[in-house]
Amino acid sequence: MDLDGRNHRRVLAGVGSAILFDFHYRKEEIYWANKNTGVIYKTSVMGANKQKLSSDKHISGLAVDWIGNGLYWTSQEKGKIKKMDLNGKNEKTLLRHLIQPSSIALEPISRILFWQSVGTTPCIQRSDINGRTITTLIKITKKIKALSVDRQDKRLFWIQLGLQGECAIVSCDYNGNSVHIIDQALRSQTLGISVFLENVYYTDASSKVIKEVNKYTGGRTVDVNKKQMAKPPVGVKVVHALNQPLEDSNSAFTGCDPQGGNCLSICSNSAEPGLCQCAEGFALSKEGTHCEDVNECAHWNHGCSLGCENIPGSYFCTCPKGYALLPDRKTCGEITQCKGNVTKCGHGCLTTDKEQICVCPEGSVLQSNGQACTGCSSPDMGGCSQLCILISPSRWKCGCQPGYQLHQDGKGCIATGPAPYLLVANKEDIRTINPDGTDGIILVEEPRASVTALDYDPVQNNVYFTSISQKTIERININGGYREIVVSEDLNSPEGLAVDWINRRIYWTDTGRASVDSITLAGLNREVIVSKGLEKPKAITVHPLAKKLFWIDIGVHPVVETASLEGTARTIIASTDLVLPSGLTIDFTEDRLFWCDQQRGVVETAALDGSDRRMLPENQVGRPFDLAVFEDQLWISDQKNQALRSIHKRTGKGLQTIHSKMFQPASIVVVHPLAKPGTDVCLHHNGGCTQVCESKLGFAHCSCLPSYILSADGKTCRPADSSNITGNMLSVFTEKMVSDQSVCSSLRCGVNAQCLLQANSPTCLCVEGFTGDGQLCMDIDECKLGTHNCNRNTECQNTLGKFFCKCQAGHNSNEQTCQDPETTLSVTTGRPADVTFQHHNSNSAESCPSTHESYCLYQGVCFYFPEMDTYACNCLPGYVGERCQFSDPEWWELQQTEEEKKRNVVIAACMVGLISLLSITACVTYCYGTKKFCKHPSVDNVSESSVTEDSMSVATSSSTPQIYMLIENSLEGKLPALACPRRAICPSCSSETSDTQGSEESDTLSKHNRGYECSMMSAVAVDIRAPVDCQRSHSVSNTYSCTTFKPATLSDHHPRGGVS
């Protein structure tokens, strides 16, 4: 079909539903493969001359080389890329041992082959068109499919699947950089993609159409075909001469001779028109249209004496371990120990006929002085500020860590964000000083000249400092405010101080008590970390990510020492050539420790394990007391010259006096979001965000929950109407895709780490609840460190990445609080994952400020606790979480169960009532009928039972019903059976008459009534309230007996009553 959707016609039918295809524009041919059968075909664009070329049952991608006239395909299961001519001949394997290669694309002009690997870690790779120099361009954590080349902008486009099955169109340049995601989230399955001019064309399986979207801006999509296809499209190709050009219009090689024919990226010699030429290191192909790399190492090692390694357009010689290249860069010589005056060579020497030559390790070269080395493997790191990336054994380039930008000199790294400044204690005050030496503000005035140590917390922006004269540790907000005493007991001479901004603790040294102590930033859970073997501990610093403490002991034998944050695993960093060591600081970009020596006037550095110790050259720092490092600068407080100075952190050069005429400058700290890596600024006031806060490289990034959008201030959220929800969700999806699939994907962050971007620079940071370098993240034991927020009625129990508070014995839990006292507020001062329910005195709570009106969700009530400096939410029933953001399924289930129980109780009560009503009605009806039947009995016709007065009393007290029946003895007429109260008339009917006839009748009835409780006459119908005289005896002609149907026990050999 045309690009406007018209002239839709079928080229070939019956090709199957799982096909791969490509085209050759000049030959007007289509090539395709059936993935089910693996057969590769070709035909003309008119559908004629169908021809079978080859077969591969594992084929997974297909691409045409319209310049070299070749066909390339990937074999996913076999891990191969194969090639053959367009006529099906000369089939060969270019690449082997690949990891599930899938979609493939070609750039014949640049002689590049691109393909996707869809293994455990999906990625996009490239090589030259001959299968050499394989390079991984980008690693992706999500599933990828479809691949297309934008030859106009020299970019790759592909389809990427999100977590919920969403699709996105992503692109990068030929080197895997400049990742871009089109602002258009795809809602249905997309199987094919093709780029032409400024648009991207892709298949939409659900709507059965081809869609078009701008490759730069994204936005609104256009349906190419207005009428749905009969079947969902699985692939798309834009057929045009611009998509298969014969020369590179953007090539730097312009002005080629018109008679140069099909020369690509090369010009023909003006002396010999029409003859293509290649640059050095390349040779003309068989077709004579393009250049191919020459493998110099294949020609007798190209002069290398031992080893040779080929690279595109060149080569270099190599030597085995113990050997190095001589100045000719081809011959290997044995490395020996340097002799004579050559003492500065740190890696041995090579001996020639004329002289000794210093050897440099691989990745470094000899400097012009002939003795020092420079490069990635040398102490100067090739002049790079942070990262030195090796290109070849003698070439490298510089790079920067996340959050930093490469200086225009190509070596230095500059921190992004606000300008850094210094916090300086000069024993009479604490002030801020800008890097250029200009004064800032005075935070603390201390005329007693006792402030010697300070540090700051980047989360709450508090400055902590020691006062030797007052014997206290205090704090003050960096923006001003009142001084607060944190520690005032059991302090003698606190001379060193360090803040652990991740684990939320303070560490200090006490020279008088000879100990290293620790306490939380709130002044709780004080511990003695180290005391044994200390004499005069002074300076101290902490590396929270490495979980290490470092301190200086200026005792009889001065040492620089380290230990874990718990005081275990103590190790000596330096113990020799120390006279009066003083300041201590860490360069977190290189993980190096710096210290200075007041007596010697020098600055030294070493790795965190004490290795690679070296002294900074050209030390002219007077009498240094303390030092701080950031970017490439090292700031030093010089008490000899009463000044603040700076030098280069690696070379010691560039000495500058930043600020002079200071009164005994002491402790120094650099303030910048990147100065203390791993800072979670969201811990305090949620980073200023009203809803969702994410800490990235020391900055708070706010976002909103569903149905809310971020306001212009970047902090607050406002409700979104229905028309904006979809756009907002798409924006969030696109933002997450950018974060996941940018240069972050090239990093290998640890399991408990996440990759964050700042100024397009990625870094691996441990997630909340873990600490480490981003590659290895260990669980933080909040319970052991005392950083939990469990109160006195609860017990802290650590779990992986978080903790929870368990009620102690004697305190009942209602799944939210330990009930004592009454208030049940959901409070957390930690991570959102650490949702812990505690109770506090409501009298100490205040209403939240207006900036936090929407802090509590789902109509929760917000409270602020000034003493704890934290916010809390009183959630409505059915919602939990530190901000009531989670539904409580257990509560809803319990509510449903309770409602069901109530319904069952009501139904049961109604049934009981109904049955009772029916019973009462039946009883009333029966009693009425009974009284009517038994009314005014004839004394002459009825013989009464013999009942004693005592037995009557017993009978009337019984309420247990018993079934009775009227038994006809001699009367011809029959009476209906009646229900009579058990034992209501004669519990023990016995006759006191002794006439023979009565006895015989009694015996006779007894035989018939054996097994029953009582036999009686029709007097059973007499009202039981009337006195009955059982002594009376009458002769009756008609008698009846009222008998209970209750079996007698085995011991009852005779009936208990008889008939008179």
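Residues numbered from 1 in each chain as written. Predicted model: local features only at pLDDT ≥ 70, side-chain atom pairs only at ≥ 80, totals over all residues. Heavy atoms only, no water.

- Taking an unreviewed UniProt entry as the reference, the chain is identified by name as Epidermal growth factor belonging to Cynoglossus semilaevis.

Some points on the nonpolar core
Then step 1. Among the nonpolar cores identified, the biggest contains 34 residues, and Leu 423, Ile 430, Phe 630 and Leu 644 are the most heavily contacted of them.
Then step 2. Mapped onto this core, the elements with two or more residues apiece are strand E34 (413-415), strand E35 (421-425), strand E36 (429-433), strand E37 (439-445), strand E38 (451-457), strand E39 (462-467), strand E54 (624-630) and strand E58 (668-671).
Then step 3. Dropping the residues within four chain positions of it, Phe 630 is found in contact with Tyr 404, Ala 415, Pro 420, Trp 635, Val 670, His 672, Leu 674 and Ala 675. (Core = buried A, V, L, I, M, F, W, Y, C linked by side-chain atoms within 4.5 Å. Buried < 20%, exposed > 50% of the residue type's maximum accessible area, 1.4 Å probe, protein only. Helix = DSSP H or I, 4+ residues; strand = E, 2+ residues; numbered from the N terminus. Contact = heavy atoms within 4.5 Å.)

With respect to the packing of aromatic side chains
Then step 1. Within this structure, the stated rule accounts for 4 aromatic pairs.
Then step 2. With a centroid separation of 5.2 Å and 20° between ring planes, the pair formed by Trp 32 and Tyr 41 is classed as stacked.
Then step 3. For Trp 32, a relative accessible area of 4% corresponds to the buried category.
Then step 4. Overall, the relative accessible area of 19% leaves Tyr 41 in the buried class.
Then step 5. For the ring pair Tyr 404 and Phe 630, a centre distance of 6.3 Å and an interplane angle of 45° mean the geometry is tilted. With Tyr 404 in strand E33 (residues 404-406) and Phe 630 in strand E54, this residue pair connects regions lying 226 residues apart in the sequence.
Then step 6. Its relative accessible area of 4% is what places Phe 630 among the buried residues.
Then step 7. Across from the ring centre of Tyr 41, 4.7 Å away, lies the NZ or CZ of Lys 50, which sits over that ring. (Phe/Tyr/Trp six-rings, centres within 6.5 Å; stacked < 30°, edge-to-face > 60°. Lys NZ or Arg CZ within 6 Å of the ring centre and 35° of its normal.)

Side note on the pairing of strand E45 (residues 527-530)
Then step 1. Looking at chain direction, strand E44 (residues 515-520) and E45 are connected through 3 bridges and run antiparallel. Looking at the pairing, Ser 518 lines up with Glu 527 of E45.
Then step 2. Taking the residues between adjacent antiparallel strands as the criterion, E44 and E45 are bridged by 6 residues, where Gly 523 takes a positive phi near 85°. (Pairing = 2+ DSSP bridges.)

Thoughts on the sheet that holds strand E47 (residues 548-553)
Then step 1. The strand order E46-E47-E48-E49 describes an open sheet built from 4 strands, whose pairing is antiparallel. Where the open sheet ends on each side, the last strands, each with one partner, are strand E46 (537-543) and strand E49 (571-574). The average undirected angle you get between the axes of adjacent strands in this sheet is 25°. (Axes fitted to C-alpha atoms, helices over the stretch in contact; angles between N-to-C directions.)

So, empty space enclosed by the protein
Then step 1. If you walk through the whole model with that rule in mind, you get 5 cavities of 30 Å³ or more.
Then step 2. Lining the largest cavity are 20 residues, with Asp 22, Ser 148, Val 149, Arg 151 and Lys 237 sitting closest to its centre.
Then step 3. Elements that contribute at least two residues to the lining of the largest cavity include exactly strand E1 (19-24), strand E5 (59-65), strand E9 (101-107), strand E13 (144-150) and strand E17 (193-196).
Then step 4. Its residues assigned to classes, the lining of the largest cavity comprises 13 nonpolar, 4 polar and 3 charged. (1 Å grid on protein atoms, 1.4 Å probe; cavity = no way out; pocket = protein on both sides within 12 Å on 5 of 7 lines; lining within 4 Å. Points joined across faces, edges and corners; volume = space filled by probe spheres on them. Nonpolar A, V, L, I, M, F, W, Y, C, P; charged D, E, K, R; others polar.)

Considering the pattern of salt bridges
Then step 1. Using the criterion set out here, one finds 25 salt bridges in the structure.
Then step 2. Here Glu 484 ties to Arg 475 by a salt bridge, and the two come within 3.4 Å at their closest N and O atoms.
Then step 3. For Glu 484, a relative accessible area of 40% gives the class partly exposed.
Then step 4. Assessed through its relative accessible area of 17%, Arg 475 is described here as buried.
Then step 5. The shortest N-O distance in the salt bridge between Arg 592 and Asp 612 comes to 3.0 Å. (Salt bridge = Lys/Arg side-chain N within 4 Å of Asp/Glu carboxyl O.)

What about the state of the cysteines?
Then step 1. Across all of its chains, the model carries 12 disulfides by this definition.
Then step 2. Shown here is the disulfide that connects Cys 400 with Cys 413, its sulfur atoms set 2.0 Å apart. The sign of the S-S torsion, about -95°, decides the handedness of the disulfide formed by Cys 400 and Cys 413: left-handed. With Cys 400 in the loop between strand E32 (395-399) and E33 and Cys 413 in strand E34, this residue pair connects regions lying 13 residues apart in the sequence. The residues Cys 400 and Cys 413 share a single accessibility class, namely buried.
Then step 3. The disulfide that involves Cys 783 links it to Cys 796, with 1.9 Å between the sulfurs. Since a negative S-S torsion denotes a left-handed disulfide, the Cys 783-Cys 796 link at about -75° is left-handed. You can see Cys 783 sitting in helix H2 (residues 782-785) and its partner Cys 796 sitting in strand E67 (residues 794-799), a full 13 residues away along the chain.
Then step 4. Here Cys 796 falls in the buried class, since its relative accessible area comes to 16%. (Disulfide = S-S within 2.5 Å.)

Concerning the environment of Lys 640
Then step 1. Of note, Lys 640 is situated in the loop between strand E55 (633-638) and strand E56 (643-648).
Then step 2. For Lys 640, a relative accessible area of 61% translates into the label exposed.
Then step 3. Along the sequence, Lys 640 and Val 621 sit 19 residues apart, while their C-alpha atoms lie 8.9 Å from each other.
Then step 4. Residues contacting Lys 640, with those up to four places away along its chain left out, are Gly 622 and Arg 623.

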